[in-house]
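Spelled out, the chains give:
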Amino acid sequence: MVYAKLFNFYKKFQFTLLRLSLLIFKKRYIFNNFRNSLNFKRSNKLKAIFDFIKYNLKFNYKKDQFINVFIEEDLLLLPPYGLPINRKGQIIALSCQTNLFKIFYRTLKYLGIKRFLIIYIKFLIGFKFDRINDPLFFLIPRHGYTYKSPNYCHWLSEDLPRLRYLLQLDDSVKVLVNSDLKKFQKYFLELLIKNNDIIEFDLKPISLSKLYIAAVDQKFDHYKDVNNKINTQNKMNSDKESRLWLRNTILENLKLNDIKVIEIPKRVFLMRNKNERRQILNFIDFNNILLKYNFSFYFPGLESNEEDIKNFNKFEIIMGLNGAGLSNLLFMKKGDVIELVPPRKKNHYWFHQMCIEYKLNYHRINLDVSNTVIENENIEINIDKFEINLN
């Protein structure tokens, strides 16, 4: 009992120290920062300054997230997430679904505190690390439960949309991504990037001459969701215009109108891989309801990404548990999206926001569950209430 209390005290003390160190080291971006923001480098300086003042004084400014492209020079990136540190010893805070504290903690866990401090001090005193002199555009994912497993949904809705800002830059800028790219990452990068080379981060400290970072303004750390409620779960590190650009670019590049698709079901339930979390424990009973309402089963990712895009472009109704599979609504031409929301995701409106942007009809069913397995979020659904809501 005493050892358990001491251990809990030690863990709390450790996390408190980490948070204090971040307060000292962290460099936070401010929208339209004068010194290193591309958004300020435009011909109409007076309009830029006016926009900056209007934004900071909140004079009827557009209620949306803002993307800004920042330029950082002479940096060191630390594995496994490419945590950037400048010559002043500041850790660059990037907006992303996984907050900076988690990234910092995972970096320390990966390197070990001793090795982290040695690398950190060496960089500050001018030690020379392996260096990339080409200008780079930062696109290393910071989501997923480990650095080896980037999340499909966040890759589509947060990372890829920021490639729109790569178009502002010349072809000499290369794109920096994680090592050991997943199959879906390779597919979309090949589809979207034509003239720029891709460099994989090699999981070792590396210095950079210049890094372009497209990031959501930090003022929106606690922005309001579609129900006008403050909710950090719904913060995306991308903006609406870029998400629309991504969708249109992918569909145009595939020229879906010229492709004949075999007959497919119009209404589908999106199945999850049996090895994933958030499974339905009483699926046999749940399945009977789906069959009653003429739902077919579809496994996103079972075939190629291209096949998924073609199929989702033809689906009229998709239904699924809150999860990455629903992000394929990005490719729907029209129709309805039914999101089944477990209690632990009751404040999650990510897919609602996407449906609004893509002009899809959104339907939300907050699930009544009688049993939840906390470790893996498996649930047992109240079937009677589910059918009432489905009607």
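Parameters at a glance
- Residues numbered from 1 in each chain as written.
- Predicted model: local features only at pLDDT ≥ 70, side-chain atom pairs only at ≥ 80, totals over all residues.
- Heavy atoms only, no water.
- Helix = DSSP H or I, 4+ residues; strand = E, 2+ residues; numbered from the N terminus.
- Buried < 20%, exposed > 50% of the residue type's maximum accessible area, 1.4 Å probe, protein only.
- Contact = heavy atoms within 4.5 Å.
- Areas by Shrake-Rupley, 256 points an atom, 1.4 Å probe, with all protein chains shown as cover.
- Pairing = 2+ DSSP bridges.
- Axes fitted to C-alpha atoms, helices over the stretch in contact; angles between N-to-C directions.
- Parallel < 35°, antiparallel > 145°, perpendicular 65-115°, else oblique.
- Left-handed = near helix turned anticlockwise from the far one by under 90°.
- Arc of directions from axis to C-beta.
- Polar contact = N/O pair within 3.5 Å; in protein donor to acceptor, adjacent residues only side chain to side chain.
- Core = buried A, V, L, I, M, F, W, Y, C linked by side-chain atoms within 4.5 Å.
- Patch = residues over 30% accessible without salt bridge, like charges linked within 9 Å, V, L, I, M, F, W, Y side chains within 5 Å.
- Salt bridge = Lys/Arg side-chain N within 4 Å of Asp/Glu carboxyl O.
- Expected span 1.5 Å × (residues − 1).

Colleague: Looking at this structure, how should I read the overall build of the protein chain?
Modeller: Helix and strand counts for the protein chain stand at 11 helices and 16 strands. When burial is assessed residue by residue, the protein chain has 53% of its 391 residues classed as buried. Here the contacts in the protein chain between residues at least 6 apart in sequence split such that 72% fall between residues at least 24 apart. Of the roughly 20,500 Å² that the protein chain leaves accessible, carbon and sulfur atoms contribute 54%.

Colleague: Explain the pairing of strand 12 (residues 317–321) here, please?
Modeller: Sheet faces and side chains relate simply in a regular strand, where the side chains alternate between the two faces. Taking burial as the measure, the 5 residues of strand 12 include 5 buried ones, the bulk of the element. Here strand 12 shows no split at all, with Ile317, Met319 and Leu321 on one side and Ile318 and Gly320 on the other all buried. Where strand 10 (residues 267–270) and strand 12 come together, 3 bridges link them in parallel fashion. Of the residues in strand 12, the one forming a bridge with Arg267 is Ile317. Sheet topology places strand 12 next to strand 13 (residues 336–341); 5 bridges connect them, and they run parallel. Bridge pairing in strand 13 links Gly320 to Glu339.

Colleague: I keep staring at the packing of helix 8 (residues 283–292) against helix 11 (residues 383–390) and nothing clicks. Help me out?
Modeller: Helix packing geometry: the angle between the two helix axes and the distance between the axes. Interaxial distance between helix 8 and helix 11 falls to 10 Å at its minimum, and their mutual angle equals 20°. As summarised for this structure, helix 8 and helix 11 are arranged roughly parallel, according to the angle between their axes. The hand of the helix 8/helix 11 crossing is right-handed. The segment helix 8 lies against helix 11, with Asp285, Phe286, Ile289 and Lys292 engaging Ile383, Phe386, Glu387 and Leu390.

Colleague: Explain the environment of Gly301 to me, please; I cannot follow it from the model alone.
Modeller: Relative to the elements of secondary structure, Gly301 occurs in the loop between strand 11 (296–298) and helix 9 (305–312). For the pair formed by Gly301 and Tyr152, sequence separation is 149 residues and the distance between their alpha carbons is 9.9 Å.

Colleague: Explain helix 8 to me, please; I cannot follow it from the model alone.
Modeller: Since the α-helix advances by 3.6 residues per turn, residues separated by three or four positions end up pointing in the same direction. For helix 8, every residue scored as buried is listed here: Phe286, Asn287, Ile289 and Leu290. Looking straight down helix 8, one finds that the buried residues subtend no more than 160° of arc, so they occupy a single side. With respect to the buried face of helix 8, the exposed residues turned more than 90 degrees away are Ile284 and Lys292. Buried residues along helix 8 sit against strand 10, strand 11, strand 12, strand 13, strand 16 (378–381) and helix 11. Asn294 lies just past helix 8 and shows a positive phi near 60°.

Colleague: It is not clear to me how the side chain of Ser242 should be interpreted in this structure. Could you clarify?
Modeller: Inspection of the secondary structure puts Ser242 in helix 7 (residues 240–254). For Ser242, the side chain forms a polar contact with the side chain of Arg164, separated by 3.0 Å. Residues in contact with Ser242, not counting those within four places in the same chain, are Pro161, Arg164 and Tyr165.

Colleague: Help me understand the nonpolar core in this model?
Modeller: Soluble, globular proteins show a tendency: their nonpolar side chains are buried together. Counting 52 residues, the largest nonpolar core has Phe137, Leu163, Phe188, Ile318, Leu329 and Phe331 as the members making the most contacts within it. Looking at this core, the element that brings in the most residues is helix 6 (residues 183–192), giving 6 residues. If we ignore the near neighbours within four places in the chain, the residues touching Phe137 are Arg162, Leu163, Tyr165, Leu166, Leu169, Val173, Lys174, Val175, Leu176, Tyr212 and Ala214. Residues Phe295, Met319, Ile379 and Ile381 belong to the second largest nonpolar core, which totals 21 residues.

Colleague: Teacher, can you tell me more about a nonpolar patch on the surface here?
Modeller: Judged by side-chain polarity, Ile113, Leu117, Ile121, Leu124, Ile125 and Phe127 come together as a nonpolar surface patch covering roughly 570 Å² of accessible area. Assignment of secondary structure puts Ile125 in the loop between helix 4 (113–124) and strand 5 (131–132). Exposure remark for Ile125: the relative accessible area of 67% places this residue in the exposed category.

Colleague: Explain the pattern of salt bridges here, please?
Modeller: It is possible for side chains of opposite charge to pair when their charged atoms get near one another. Counted by the stated rule, this structure contains 9 salt bridges. As a salt-bridge pair, Asp159 and Arg162 come within 2.6 Å of each other at their nearest N and O atoms. You'll find Asp159 and Arg162 in the same group, each marked buried. A salt bridge links Lys174 to Asp197; its shortest N-O distance comes to 2.8 Å. In this pair, Lys174 sits in strand 7 (residues 174–177) while Asp197 sits in the loop between helix 6 and strand 8 (198–200), placing the two residues 23 residues apart along the sequence. The exposure class assigned to Asp197 is partly exposed, which follows from its relative accessible area of 44%.

Colleague: Just to check I follow, could you spell out helix 7 for this structure?
Modeller: Between its first and last C-alpha atoms helix 7 spans 22 Å; for 15 residues at 1.5 Å apiece the expected length is 21 Å, and the two agree. Every buried residue of helix 7 is listed here: Ser242, Arg243, Trp245, Leu246, Arg247, Thr249, Ile250, Leu251 and Leu254. Once helix 7 ends, the next one or two residues include Lys255, with phi positive near 50°.

Colleague: Where do I start with the environment of Tyr152 in this structure?
Modeller: For Tyr152, the location among the structural elements is in helix 5 (residues 152–159). Taking the C-alpha atoms as reference, Tyr152 lies 9.5 Å from Asn328; in sequence the two are 176 residues apart. Excluding its chain neighbours within four sequence positions, the residues that come into contact with Tyr152 are Phe184, Phe188, Asn305, Ala324, Ser327, Asn328 and Phe331.

Colleague: Which parts of the structure should I look at to understand the side chain of Gln185?
Modeller: Relative to the helices and strands, Gln185 is located in helix 6. A distance of 2.9 Å separates the side chain of Gln185 from the side chain of Asn178, its partner in a polar contact. In this structure the side chain of Gln185 is engaged in a polar contact, spanning 2.9 Å, whose partner is the backbone nitrogen of Lys182. Discounting residues that sit within four places of it in the chain, Gln185 has contacts with Pro141, Pro150, Trp155 and Asn178.

Don't take any of this as a statement about function, it's just geometry.
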